[in-house]
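# An overview of the molecular structure
Here are the chains, one letter per residue:
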Amino acid sequence: MTPLPELLRPKRISEYIGQTQIVGKDKIINKLLEGAKKTHFFPSIIFWGPPGSGKTTLARIIANELSREFYEFSAVSASIKEIQKAIKDKKETAPVVFIDEIHRFNKAQQDKLLPFVEKGEIILIGATTENPSFEVIAPLLSRSRVLVLKEHSKEDLSKILTKGEKKLKIKIDVKAKEFLIEASNGDARVLLNVLEIAGNLTRNKNLKVSDIEEALQRRQLNFDKQGEEFYNVISAFIKSMRASNVDAALYYLARMIEAGQDPLYIARRMVVFASEDIGMAQPTALVVANEVFRACETIGYPECQENLAHGVVYLALAKKDRSAYDAYMAALGDVKKYGNLPVPLNIRNAPTKLMKELNYGKGYEMYSKESLLPEKIRGKRYYKREK
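Residues numbered from 1 in each chain as written. Predicted model: local features only at pLDDT ≥ 70, side-chain atom pairs only at ≥ 80, totals over all residues. Heavy atoms only, no water.

### Examining the packing of aromatic side chains
Considering all chains together, one arrives at 2 aromatic pairs under this definition. On the numbers, 6.4 Å between centres and 20° between planes, the contact of Phe-70 with Phe-98 is stacked. Separated by 28 residues along the polypeptide, Phe-70 in strand S2 (residues 70-74) and Phe-98 in strand S3 (residues 96-100) bring together distant segments of the chain. The exposure class of Phe-70 is partly exposed, given its relative accessible area of 28%. Here the aromatic rings of Tyr-251 and Tyr-252 are separated by 5.0 Å at their centres, their planes lie at 70°, and the arrangement is edge-to-face. With a relative accessible area of 43%, Tyr-251 lands in the partly exposed category. The ring of Tyr-360 is capped by Arg-348, whose NZ or CZ atom sits 5.1 Å from the centre of that ring. (Phe/Tyr/Trp six-rings, centres within 6.5 Å; stacked < 30°, edge-to-face > 60°. Helix = DSSP H or I, 4+ residues; strand = E, 2+ residues; numbered from the N terminus. Buried < 20%, exposed > 50% of the residue type's maximum accessible area, 1.4 Å probe, protein only. Lys NZ or Arg CZ within 6 Å of the ring centre and 35° of its normal.)

The following block contains the structure:
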């Protein structure tokens, strides 16, 4: 039996829901598709985004809109030889080759894809949940467009959920719908899988919160209609760590974990907190927070809740200093206020003879104590270390 997410997967760009920053009228995907109709050229693309954000669906839609052959591989299980074998036959038009989790290919494997991309023999579409700047080799990256996908919004998930209800011929009450959307954490695949399981578990065609909980196989946080409680708990978690209230921070952490909140979401908030609220008072806090994030990434639930608890205790007990954060925000304020102010000549780069003749780099002193800010804001002090 075909899973619900596959049944509902759109085939045309006009049917696609979400990612409005790259899909829609006058957005890059639509523009590239329109351009391809005239030039028959479509660039290779790296889709970077969280699970369930629509990367695979977009790749399939692009191949369909371009009327190109489509080859789909997962870097977890496929080898480069398999990919080369599948696309070795000469084609009149370049096929679309989609590689999911492309970051799992090592440098040598990615290198072997280069000739196909350079010669235009394939349109490579890679999907990754990792930062491609670190996980995709520079030559491949330079020959591709990197497009960022975001977690689906509540509005997008609501539209997708409605399609799921119609397909399964079931109804989900308002509270259960809001609860499922919150529990899905922006992941459309999770949303539809849970809906399908819930529908199969109960004979009742009107799903309640209890049906969604059973499908999730764990007790979930009871969010209210507007999701206010959800955001209240996150806010309380951050503010408890800021106040060095360890017990409260651990309690709100437990609330989020029991609610099924994505551990990476919690860990990301902790990484931000380490720089924003602890900063220079205890610089190692950022190291700890990053290691907690990595542990959550590699271990996952249920064990990573111990890593989260360890990190929360450390961050809550650490001394607090927002001076680095406040200094940056002040500098950012001037950037927005004054725009691109001229860089002082003495600290400009001078790689050519002409630039040197124009006094670029002239008078530069390595350890000068003079202000190196642009003339208009010279003497400004952003960073003030807390005592």
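### Observations concerning the state of the cysteines
In the structure shown here, the tally under the stated rule is 0 disulfides. Cysteine Cys-296 is unpaired, with the sulfur of Cys-304 as its nearest cysteine sulfur at 4.0 Å. In this structure Cys-304 comes out as buried when scored by relative accessible area, which is 0%. (Disulfide = S-S within 2.5 Å.)

### Quick word on unusual backbone geometry
Here the residue pair Tyr-301 and Pro-302 is connected by a cis peptide bond, since its omega of 5° sits within 30 degrees of zero. Topologically, Pro-302 is positioned in the loop between helix H16 (284-299) and helix H17 (304-317). Even without being glycine, His-40 reaches a positive phi, approximately 65°. If you trace the backbone, His-40 turns up in the loop between helix H2 (28-39) and strand S1 (44-48). With a phi angle near 70°, Asn-359 is a residue other than glycine that sits in the positive phi range.

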